[in-house]
Amino acid sequence: MTPPMLLILPGDGIGPEVMAEVRKVIDWFGTKRDLAFDVREDLVGGAAYDAHGTPLHDDTMALAQSADAVLLGAVGGPRYDNLDFSVKPERGLLRLRKEMDLFANLRPAQCFDALADFSSLKREVVAGLDIMIVRELTSGVYFGEPRGIFEEGGERVGINTQRYTESEIDRVARAAFELARKRGNKVCSMEKANVMESGILWREVVQAVHDADYPDVGLSHMYADAGAMQLCRWPKQFDVIVTDNLFGDLLSDAAAMLTGSLGMLPSASLGAPMENGRPKALYEPVHGSAPDIAGQGKANPCACILSFAMALRYSFDRGSEAERLERAVEKVLSDGLRTGDLLNVEGTTPVTTSDMGDAIVAALDASL
Ligand code: NAD
Ligand code: IPM
Ligand code: MN
């Protein structure tokens, strides 16, 4: 059997640094668990712009379309801030999401016990937390037309359009209900139906999908601003949260802090099943390229390593190996090893990005 093809796109800033640690983990599964991948690597973001003048070359796009799964580090950085909008590094990532039609972005926020004291919230609020944000990823204000900066009445006007079709809401709602059935069986849908027509439609469609096909799953609706407040007040009230592209972007960064650090939060962006039955999939940490710490060995590789664990679970149907990897990360954290983003209590040992990856591989060895 030919091994599945895994396309790795390290990107910019800390992207290549954290991806180097994921490579160690991928190699470990290949040699120790008979889980070999045909690993290819290519450029995205600023790195692709430097080489080709575009943040995503067409050949890379084609490779991503044919991959069994794509793993991305991070894109962007101050060097590229003044580029034309159409070639900014972030456009490379948005093109991947759009053309692969990755409509369901799963962003779990789990608080490992060893990190409960690192959250900016109290231990009792976050300890044991396990919620899943399902963010719509291919539509809404990120892609709606018209968009642009135009002249109007002697001044400039910046326009973006929030736009959702019924079928776009329907499919992401189904993804959320399906996930909820495998977890705590509760979905909370967030929008702003009090001020936005797209929010009214969102609420109606989510309710209709529920009533028709998922009446066994608990469903509640919340305005997204109130949802942000509830996420900080008592996040354990949630199981699965389903929300649009922009609200999901904001709410998932907020949820990251519940887990202790943005450096801990993985994500999976999933589309429709391919011919081989696997979903189109791109796995990426929630964090960005962290230019403030890039090149210093300070980045926490856990978010990217845990994104690979999500790939094992959602693309390769190896849930038990995903758990093995998650437990290895948890073990290293409970042994007190910490990258700089998590260093602020006694009894912990400061380590570099590379030390952290080595320790996770050692914990994997110990799991056999
Ligand atoms: P960021 O996530 O890069 O950084 C925010 C803060 O978190 C920084 O202080 C950073 O040092 C810290 N941080 C992030 N990840 C970390 C890790 N793994 N370990 C330790 N600390 C970590 O967000 P930003 O500064 O707003 O954006 C920087 C660039 O990244 C921008 O160009 C932005 O567009 C881009 N970005 C890309 C992605 C992506 O590729 N998926 C996501 C978000 C932002
Ligand atoms: C994220 C990022 C991206 C987004 C950017 C880099 C395009 O913030 O993945 O959360 O806004 O979706
Ligand atoms: Mn974001």
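Residues numbered from 1 in each chain as written. Chains lettered and ligands numbered in written order. Predicted model: local features only at pLDDT ≥ 70, side-chain atom pairs only at ≥ 80, totals over all residues. Heavy atoms only, no water.

Chemist: Break down the site of ligand 1 for me, citing the residues and quoting the values.
Modeler: Around ligand 1, 21 residues are found, and the nearest of them are E90, G288, A290, D292 and N300. The contact in question runs from an oxygen atom of ligand 1 to an N or O atom on the backbone of G77, over 3.3 Å. In this structure, a nitrogen atom belonging to ligand 1 sits 3.4 Å away from a side-chain N or O atom of H287. For ligand 1, the accessible surface in isolation is 800 Å², of which the surrounding protein chains cover 69%. Taken together, the residues of the shell around ligand 1 sort by class into 10 nonpolar, 7 polar and 4 charged. (Near = heavy atom within 4 Å. Polar contact = N/O pair within 3.5 Å; in protein donor to acceptor, adjacent residues only side chain to side chain. Areas by Shrake-Rupley, 256 points an atom, 1.4 Å probe, with all protein chains shown as cover. Nonpolar A, V, L, I, M, F, W, Y, C, P; charged D, E, K, R; others polar.)

Chemist: Before we move on, can you summarise helix α6 (residues 166-181) with the specific residues and values?
Modeler: In an α-helix, one turn spans 3.6 residues, which is why side chains three or four residues apart end up on the same side. Over its 16 residues, α6 extends 23 Å from the first C-alpha to the last, a length consistent with the 22 Å expected when each residue adds 1.5 Å. For α6, every residue scored as buried is listed here: E168, I169, V172, A173, A175, A176, F177, L179 and A180. (Helix = DSSP H or I, 4+ residues; strand = E, 2+ residues; numbered from the N terminus. Expected span 1.5 Å × (residues − 1). Buried < 20%, exposed > 50% of the residue type's maximum accessible area, 1.4 Å probe, protein only.)

Chemist: I'd like a rundown of the packing of aromatic side chains, residues and numbers included.
Modeler: Following the criterion strictly, the structure yields 7 aromatic pairs and no others. Consider the rings of Y164 and W202, whose centres lie 5.3 Å apart with planes at 75 degrees: the pair is edge-to-face. Of this pair, Y164 sits in the loop between β7 (155-161) and α6 while W202 sits in helix α7 (residues 197-213), and the two are 38 residues apart along the sequence. Overall, Y164 belongs to the buried group, its relative accessible area being 9%. Members of the aromatic cluster, connected to one another through ring pairs, are W28, F29, F37, F308 and F316. Across the ring face of F143, the terminal group of K98 is positioned such that the distance to the ring centre comes to 4.8 Å. (Phe/Tyr/Trp six-rings, centres within 6.5 Å; stacked < 30°, edge-to-face > 60°. Lys NZ or Arg CZ within 6 Å of the ring centre and 35° of its normal.)

Chemist: Please set out the environment of S252 residue by residue, giving values where relevant.
Modeler: Of note, S252 is situated in helix α9 (residues 245-258). Judged by its relative accessible area of 0%, S252 falls in the buried class.

Chemist: I'd like to hear about the pairing of strand β6 (residues 144-152), residue by residue, with values.
Modeler: As judged from the 6 bridges shared by β6 and β7, these two strands associate in the antiparallel manner. Considered in β7, the bridge of E151 is made with R156. Between the end of β6 and the start of β7, which pair antiparallel, lie 2 residues, with G153 showing a positive phi angle near 60 degrees. (Pairing = 2+ DSSP bridges.)

Chemist: Got a sec to walk through the site of ligand 2? Specific residues and values, please.
Modeler: Taken together, the residues surrounding ligand 2 are E90, R97, R107, R135, Y142 and D249. Note that an oxygen atom of ligand 2 is positioned 2.9 Å from one of the side-chain N or O atoms of R107. In this structure, Y142 approaches ligand 2 through a side-chain N or O atom, which is 2.5 Å from an oxygen atom. With the chains in place, 78% of the 330 Å² that ligand 2 exposes on its own is no longer accessible. Here the shell around ligand 2 is composed, by residue class, of 1 nonpolar, no polar and 5 charged. Of the domains in this structure, domain 1 (1-110 + 261-368) and domain 2 (119-259) are the two that each give at least three residues to the shell around ligand 2. (Domains from an automatic or database assignment.)

Chemist: Explain the packing of helix α1 (residues 15-32) against helix α10 (residues 302-314) to me, using residue names and the numbers behind them.
Modeler: At a minimum axis distance of 8 Å, the contact between α1 and α10 shows a crossing angle of 40 degrees. When the axes of α1 and α10 are compared, the pair comes out oblique. At the point where α1 passes α10, the crossing takes the right-handed sense. Taking contact as the criterion, the partners of V18, M19, E21, V22, V25, I26 and F29 in α1 are, on α10, C304, I305, F308 and L312. Considered class by class, the residues forming the contact of α1 with α10 number 10 nonpolar, no polar and 1 charged. (Axes fitted to C-alpha atoms, helices over the stretch in contact; angles between N-to-C directions. Parallel < 35°, antiparallel > 145°, perpendicular 65-115°, else oblique. Left-handed = near helix turned anticlockwise from the far one by under 90°. Contact = heavy atoms within 4.5 Å.)

Chemist: Requested: an account of helix α3 (residues 58-66), with residues and values cited.
Modeler: Of the positions making up α3, those classed as buried are T60, M61 and A64. On an axial view of α3, the arc spanned by its buried residues comes to 100 degrees, and they lie on one face. Turned more than 90 degrees from where α3 packs its buried face, D58 and D59 sit exposed. The inward-facing, buried residues of α3 abut β1 (5-11), β3 (69-74) and α4 (89-99). (Arc of directions from axis to C-beta.)

Chemist: Explain the side chain of T339 to me, and be specific about the residues and the numbers.
Modeler: The topology assignment puts T339 in the loop between β13 (337-338) and β14 (349-350). Dropping the residues within four chain positions of it, T339 is found in contact with K298, A299, N300, P301, V351, T352, T353 and M356.

Chemist: Tell me about unusual backbone geometry, and please be specific about residues and values.
Modeler: In this structure, the amide linkage connecting E145 to the following residue, P146, adopts the cis form with an omega of 0 degrees. You can see P146 is positioned in strand β6. Non-glycine residue N185 carries a positive phi angle of around 65 degrees.

Interpretation in functional terms is not warranted from these geometric data alone.
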